[in-house]
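# Understanding the architecture of this molecule
Given next are the chains, with one letter for each unit.
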Amino acid sequence: MSKRSLKKDGARYYRQTDLWRLLGAGMMIVGVVWFYFGFSMASYYVPCVITPVGLALFLIFSSRHISDNDVEEEKQHRLLNYDSSVTGRVDYSRFVLKQPADVETEAYHMGDKATYFKRGKNSAIVSDIFVKTHFFFTKDTLLVCSRELSLAASREEEGAWTDTETSFFYEEMMLVQLCEQSTQITLTNTKKPATVKWVELVITGKEGELLRLPVKNDMDMSDMCDQLNRKIKQMQA
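## Thoughts on the nonpolar core
- Within the largest apolar cluster, 41 residues are counted, with the highest numbers of intra-cluster contacts made by F135, M173 and L201.
- Aside from chain neighbours lying at most four places away, what touches M173 is L142, F168, I203, T204, G205, L210, L228, I232 and Q236.
- Counting residues in each nonpolar core, the second largest holds five residues, with V86, V96, F136 and L143 among its members.

## Quick notes on the sheet that holds strand β1 (residues 103–108)
- On the basis of which strands lie adjacent, the open sheet formed by four strands has the order β1-β4-β5-β6 and antiparallel pairing. Because the sheet does not close on itself, it has two edges, and the strands there are β1 and β6 (161–169). With direction set aside, neighbouring strand axes in the sheet form an average angle of 15°.
- With six bridges connecting them, β1 and strand β4 (residues 129–137) associate as antiparallel partners.

## A short note on the environment of E74
- Positionally, E74 belongs in helix α5 (residues 68–78).
- We classify E74 as buried; its relative accessible area is 4%.
- Residues E74 and L151 lie 77 residues apart in sequence; the distance between their C-alpha atoms is 8.5 Å.

## Re the sheet that holds strand β7 (residues 173–186)
- If you walk across this open sheet you meet the three strands as β7-β8-β9, and the pairing is antiparallel. Edge positions in the sheet fall to β7 and β9 (208–215), since each has one partner strand and no second. Across the sheet, the axes of successive neighbouring strands diverge by a mean angle of 30°, strand direction being ignored.
- Helix α8 (residues 219–236) rests against β7, β8 (193–205) and β9 of the sheet, and its axis sits at about 145° to β7.

## With respect to α8
- For α8, with 18 residues, the first-to-last C-alpha span of 26 Å sits near the 26 Å given by 1.5 Å per residue.
- Within α8 the residues assigned to the buried category are M221, M224, C225, L228, N229, K231 and I232. Down the axis of α8, the buried set is contained in an arc of 160°. They therefore lie on one face. Within α8, the exposed residues directed more than 90 degrees away from the buried face are M219, K233 and Q234.

## A look at the state of the cysteines
- The tally for this structure, following the rule as stated, stands at zero disulfides.
- Free of any disulfide, C225 has its nearest cysteine sulfur in C179, 8.9 Å distant.

## Thoughts on unusual backbone geometry
- Here the amide bond leading from Q99 into P100 is cis, since omega sits at 0°, within 30 degrees of zero.
- Assignment of secondary structure puts P100 in the loop between α7 (92–95) and β1.
- Even without glycine at this site, N81 takes up a positive phi of about 60°.
- Tracing the chain through its elements places N81 in the loop between α5 and α6 (84–87).
- The backbone phi angle of K191 is positive, close to 65°, even though this residue is not glycine.
- Looking at the secondary structure, you find K191 in the loop between β7 and β8.
- Note on K191: relative accessible area 62%, which makes it exposed.

What counts, and where the lines are drawn
- Residues numbered from 1 in each chain as written.
- Predicted model: local features only at pLDDT ≥ 70, side-chain atom pairs only at ≥ 80, totals over all residues.
- Heavy atoms only, no water.
- Core = buried A, V, L, I, M, F, W, Y, C linked by side-chain atoms within 4.5 Å.
- Buried < 20%, exposed > 50% of the residue type's maximum accessible area, 1.4 Å probe, protein only.
- Contact = heavy atoms within 4.5 Å.
- Pairing = 2+ DSSP bridges.
- Helix = DSSP H or I, 4+ residues; strand = E, 2+ residues; numbered from the N terminus.
- Axes fitted to C-alpha atoms, helices over the stretch in contact; angles between N-to-C directions.
- Expected span 1.5 Å × (residues − 1).
- Arc of directions from axis to C-beta.
- Disulfide = S-S within 2.5 Å.

Set out below in structure tokens:
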């Protein structure tokens, strides 16, 4: 039921809270304990009311609950073959360089594109916009395949995902860097304010910004920036 809800209304994941499920579980526990350890008529009649009510609340809201694992499964489904236009090429092994190696990264967009926010696994804040990108080095260009998911949209809805494939000649680039961003957001399900930080890959060309994408802040991305900046210097020498 929850997976079906996610496919049709992903925004529910960001709006939901555990309040009613916890209330139902609490009513069941109180009812059972009261029934076994009570010594009055109330310990018979009250548990007979609150225990089934608590069970009903727990089952109803559990059936509608969308877990973090449900969202992860849906993400992977929507990301299938997002980079196949490159990896599926007959001449892939000749077209794409083995060194520097290709780099794959993913991150949530926390900027203006995002509408919904909540705390996911390990209390990390996630948004409804998720971006996965694959960077390939060729002899003359950096090839970028990216898919942006709108997790609040249903699978069938237009704009549930957007694919982008672009290439940049090394000689057109001036600087490649990771830029940390920060902003204030409001969590959708609790309405509490929070500060979020994320990292964007920014490629600057001779006539301005060529590319800006949210990426994971790790060694793979740092090494890729170094590789590209070395290639830029070689082209400019």
